[in-house]
Amino acid sequence: MKKFLYIILFFSFICANAQVTPLNQTAFDLLNQQSVSYPYSFVIIGDTREGYDVENDIVGDYESMMSPVFLDILDELKNLSPKPKYIVNLGDAVMGKIDGENEDTYQQQYPAYHYYISEFMSSTQIPFFTIPGNHEFWVEWNTNLFSQYIGNLYDYFDYGNTRFIWSNNGGFSRPSGWEDYWLKDVLDLNSPIVDIFA
């Protein structure tokens, strides 16, 4: 019995520490498979953690970690016609740590979000980018969770003559130092960009 228990614990440890593909990497891959066509539409959403109820979350139950409103929105997005070329979540994708909340519960908000957005991209083939908001950074180790499950804090993508740029806005401060140089470099990239969203 003890040997069986060790095997279960070892398997649980492996699963918990398995590498996941960050959501934005999957979104980049899907975007790169598309051919550019005009006219086109895209969707901007944000604050998708609204409606999440910390009183109802259950460790291991991903649905309890998500806003029911957001899950309804994902269903609506699946049925849009024509399909948008891409979707951008402007941040606050997770509720963040609330006073008195169990830390294990909080840390599972990221894998829960990853699970639902991965499933969405797999079933629709629509790139779904997520950028950081302040709720993603309420505790110090959050940047690691964001990077692991979602992607880079600073990045951009192009679709045709449109460039969409994001940076870490979770710290409530304007970019400075290397961030300014990075943004200038991205804005100066030689390409036929007409519209810029930053």
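These lines cover the structure that appears in this document, whether it is placed above or below. Since the model is a prediction, treat every value here as computed from it, not as a measurement.

Right, let's get into the overall build of the protein. Within the protein one finds seven helices and six strands. When the helices and strands of the protein are placed in sequence order, the string is α-α-β-α-β-α-α-β-α-β-β-α-β. Here the protein holds 198 residues, and 39% of them are scored as buried. Carbon and sulfur atoms form 55% of the exposed surface of the protein, whose accessible area is close to 11,400 Å².

Moving on: the packing of aromatic side chains. Applying the stated criterion to the full structure yields 18 aromatic pairs. On the basis of an interplanar angle of 70 degrees and a centroid distance of 5.1 Å, the ring pair of Phe28 and Phe129 is categorised as edge-to-face. Residue Phe28 is found in helix α2 (residues 23-33), and its partner Phe129 is found in strand β3 (residues 128-130); the two are separated by 101 residues along the sequence. The class of Phe28 is buried, set by a relative accessible area of 16%. Taken together, a centroid distance of 5.6 Å and an interplanar angle of 5 degrees make the contact between Phe157 and Phe164 stacked. Residue Phe157 shares its accessibility class with Phe164, and that shared class is buried.

Attention shifts here to helix α3 (residues 68-78). Among the residues of α3, Phe70, Leu71, Leu74 and Leu77 are the ones counted as buried. End-on, the buried residues of α3 take up no more than an arc of 115 degrees, which puts them together on one face. Against β1 (43-45), β2 (87-89), α5 (109-124) and β3 lie the buried residues of α3.

Sheet architecture is open: three strands sit in the order β1-β2-β3, paired in parallel fashion. Among the strands making up the open sheet, the edge pair consists of β1 and β3. Pairs of neighbouring strands in the sheet enclose a mean axial angle of 15 degrees, with direction left out of account. Pairing between β1 and β2: three bridges, direction parallel. Pairing of Ile44 across the sheet is with Val88, part of β2.

What follows is about the packing of α2 against α5. At their nearest, the axes of α2 and α5 sit 10 Å apart, and the two run at 10 degrees to each other. In this view, α2 runs roughly parallel relative to α5, as classed from their interaxial angle. In contact with Leu23, Thr26, Ala27 and Leu30 of α2, α5 contributes Tyr113, His114, Ile117, Ser118 and Met121. Class assignment for the residues of the contact of α2 with α5 results in six nonpolar, three polar and no charged.

Quick look at the nonpolar core now. Side chains that are nonpolar tend, in soluble globular proteins, to be buried together. Counting residues in hydrophobic clusters, the biggest one holds 38 residues, and the most contacted among them are Leu74, Tyr113, Phe128, Phe129 and Phe157. Setting aside chain neighbours within four positions, we find Phe157 in contact with Phe28, Leu31, Tyr86, Val88, Phe129, Thr162, Arg163, Phe164 and Trp166.

Bringing the sheet that holds strand β4 (residues 155-159) into the picture now. If you trace the three strands from one edge of the open sheet to the other, you get β4-β5-β6, paired in mixed fashion. Of all strands in the sheet, those bounded by a partner on one side alone are β4 and β6 (195-197). Strand-to-strand twist across the sheet, computed as the mean angle between neighbouring axes with direction ignored, equals 15 degrees. With five bridges connecting them, β4 and strand β5 (residues 162-166) associate as antiparallel partners. Paired with Tyr159 across the bridge in β5 is Thr162. Against the sheet, α2 touches β4 and β5, its axis set at about 20 degrees to β4. Across the sheet, helix α7 (residues 178-188) lies against β4, β5 and β6, angled at about 175 degrees from β5, the strand it touches most.

Okay, the pairing of β4 next. Across the two faces of β4 the burial differs, with Asp155, Phe157 and Tyr159 buried and Tyr156 and Asp158 not buried at all. What sits between the antiparallel neighbours β4 and β5 is a turn of two residues, in which Gly160 has the positive phi angle 60 degrees.

Scoring rules and cut-offs
Residues numbered from 1 in each chain as written. Predicted model: local features only at pLDDT ≥ 70, side-chain atom pairs only at ≥ 80, totals over all residues. Heavy atoms only, no water. Helix = DSSP H or I, 4+ residues; strand = E, 2+ residues; numbered from the N terminus. Buried < 20%, exposed > 50% of the residue type's maximum accessible area, 1.4 Å probe, protein only. Areas by Shrake-Rupley, 256 points an atom, 1.4 Å probe, with all protein chains shown as cover. Phe/Tyr/Trp six-rings, centres within 6.5 Å; stacked < 30°, edge-to-face > 60°. Arc of directions from axis to C-beta. Contact = heavy atoms within 4.5 Å. Pairing = 2+ DSSP bridges. Axes fitted to C-alpha atoms, helices over the stretch in contact; angles between N-to-C directions. Parallel < 35°, antiparallel > 145°, perpendicular 65-115°, else oblique. Nonpolar A, V, L, I, M, F, W, Y, C, P; charged D, E, K, R; others polar. Core = buried A, V, L, I, M, F, W, Y, C linked by side-chain atoms within 4.5 Å.

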